[in-house]
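Listed below, chain by chain, are the residues.
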Amino acid sequence: KPALLLSHPQYNDLCDKQAFVREGDEQADVYRPLLCPYWGGSGAHVDFLHPAGRSWWIEMVCKRILAYGIDVPWNDNNEYDLGGGFSASQLEKDRVTAARCGPG
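Parameters at a glance
Throughout this description, residue numbers start from 1 for each chain and increase along the sequence as written. Local features in a predicted model are, by the rule used here, given only for residues with pLDDT of at least 70; side-chain atom pairs are given and counted only at 80 or more, and totals for whole chains, interfaces and linings are based on all residues. To obtain the side-chain values, all non-hydrogen atoms of the structure were used and water was disregarded. Scored between 0 and 100, pLDDT is the confidence that the predictor attaches to each residue. Every helix listed is a DSSP run of H or I at least four residues long, and every strand listed is a run of E at least two residues long, numbered separately from the N terminus. A pair is scored as a salt bridge if a Lys or Arg side-chain nitrogen falls within 4 Å of a carboxyl oxygen belonging to Asp or Glu. Burial here depends on accessible area, computed with a 1.4 Å probe over protein chains only, as a share of the maximum for the residue type. Under 20% is buried, over 50% is exposed, and the range in between is partly exposed. Ring geometry is summarised as follows: Phe, Tyr and Trp rings, the Trp one being its six-membered ring, pair when their centres sit within 6.5 Å, and such pairs are stacked at plane angles under 30 degrees, edge-to-face over 60 and tilted between the two. Residue contacts are defined here by distance: any two heavy atoms, one from each residue, within 4.5 Å place the two residues in contact. By convention a nonpolar core is built from buried Ala, Val, Leu, Ile, Met, Phe, Trp, Tyr and Cys residues, the set being connected through side-chain atoms within 4.5 Å. Being paired, for any two strands, means DSSP has found at least two bridges between them. Whenever a nitrogen or oxygen atom comes within 3.5 Å of another N or O atom, the pair is scored as a polar contact, on the condition that within protein one atom can donate a hydrogen and the other can accept it, and that pairs from neighbouring residues in sequence are kept only if both atoms are in side chains.

Participant: Whenever I open this one, the confidence of the model for the chain confuses me. Can you help?
Facilitator: In regions of low pLDDT, the predicted coordinates are not meant to be interpreted in detail. Mean pLDDT for the chain: 79, with 67% of residues reaching 70 or above. Ranking the elements of the chain by mean pLDDT puts strand 5 (residues 87–88) last with 60 and helix 1 (residues 11–16) first with 96.

Laid out in structure tokens, this is it:
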């Protein structure tokens, strides 16, 4: 999933890095991840435009899926439903480049 439940063991680490889509205005003084409902409870969407969110996702896909010989991961629940509230994502000024797992 492109989101982590509040109970996920790495949730707090990504929250500390502000790597989730944030609730409210990007310029807000306080960072709060926008929480959305899932079957297992509330979760926050990974912000793929934030360097920490994108690099974490790439690392997890490489280590936990591709390293086992799986050619392509399936990204289930990839339809972001943010509940109609106002949210913000970090947009980098630098160009986003493709990432590779391992040599090549």
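Participant: Honestly, the pattern of salt bridges in this entry has me stumped. Any pointers?
Facilitator: Oppositely charged side chains can pair when the atoms bearing their charge come close. Summed over all chains, the structure comprises three salt bridges. Between Glu23 and Arg32 there is a salt bridge; the shortest N-O distance is 3.5 Å. Between Lys63 and Glu59 there is a salt bridge, with the nearest N and O atoms lying 2.7 Å from each other. In this pair, Lys63 and Glu59 are both assigned in helix 2 (residues 51–64), four residues apart and thus about one turn of the helix distant.

Participant: Help me understand unusual backbone geometry in this model?
Facilitator: A positive phi is found at Gln18, a non-glycine position, where the angle reads about 55 degrees. Tracing the chain through its elements places Gln18 in the loop between helix 1 and strand 2 (22–23). Note on Gln18: relative accessible area 36%, which makes it partly exposed.

Participant: Looking at this structure, I do not really get the packing of aromatic side chains. What am I missing?
Facilitator: Any pair of aromatic rings gets described here by the distance separating the centres and the angle formed by the planes. Within this structure, the stated rule accounts for three aromatic pairs. With centroids separated by 5.0 Å and ring planes inclined at 25 degrees, the aromatic side chains of Tyr11 and Phe20 adopt a geometry described as stacked. Since its relative accessible area comes to 8%, Tyr11 is described here as buried. One aromatic cluster is present, formed by Phe48, Trp56 and Trp57 through successive ring pairs.

Participant: I'm lost on the environment of Ser42 in this one. Help?
Facilitator: When you line up the elements, Ser42 lands in strand 4 (residues 41–45). Among the residues examined, Ser42 registers a relative accessible area of 34% and is labelled partly exposed. Here Ser42 is in contact with Leu4, Leu5, Leu6, Leu35 and Cys36, once residues within four sequence places are set aside.

Participant: Teacher, can you tell me more about the nonpolar core here?
Facilitator: Note that soluble globular proteins tend to have their nonpolar side chains buried in a common cluster. Membership of the largest hydrophobic core is limited to 11 residues, which are Leu4, Tyr11, Leu14, Ala19, Phe20, Tyr31, Ala44, Val46, Ala52, Trp56 and Met60. Where this core is concerned, the elements lending two or more residues are helix 1 and helix 2. Looking at this core, the element that brings in the most residues is helix 2, giving three residues.

Participant: Please explain the pairing of strand 3 (residues 35–38) as it appears in this structure.
Facilitator: For a regular strand, side chains alternate in direction, first toward one face of the sheet and then toward the other. Only one face of strand 3 is covered, namely the one carrying Cys36 and Tyr38; the face carrying Leu35 and Pro37 has none of its residues buried. Summarising the sheet, strand 3 and strand 4 pair through four bridges and their orientation is antiparallel. In the strand pairing of strand 4, Pro37 is matched with Ser42. In sequence, strand 3 turns back onto strand 4 through a hairpin of two residues.

Participant: Teacher, can you tell me more about the side chain of His50 here?
Facilitator: Mapped onto the fold, His50 is located in the loop between strand 4 and helix 2. Side-chain polar atoms of His50 contact the backbone nitrogen of Ala52, separated by 3.0 Å.

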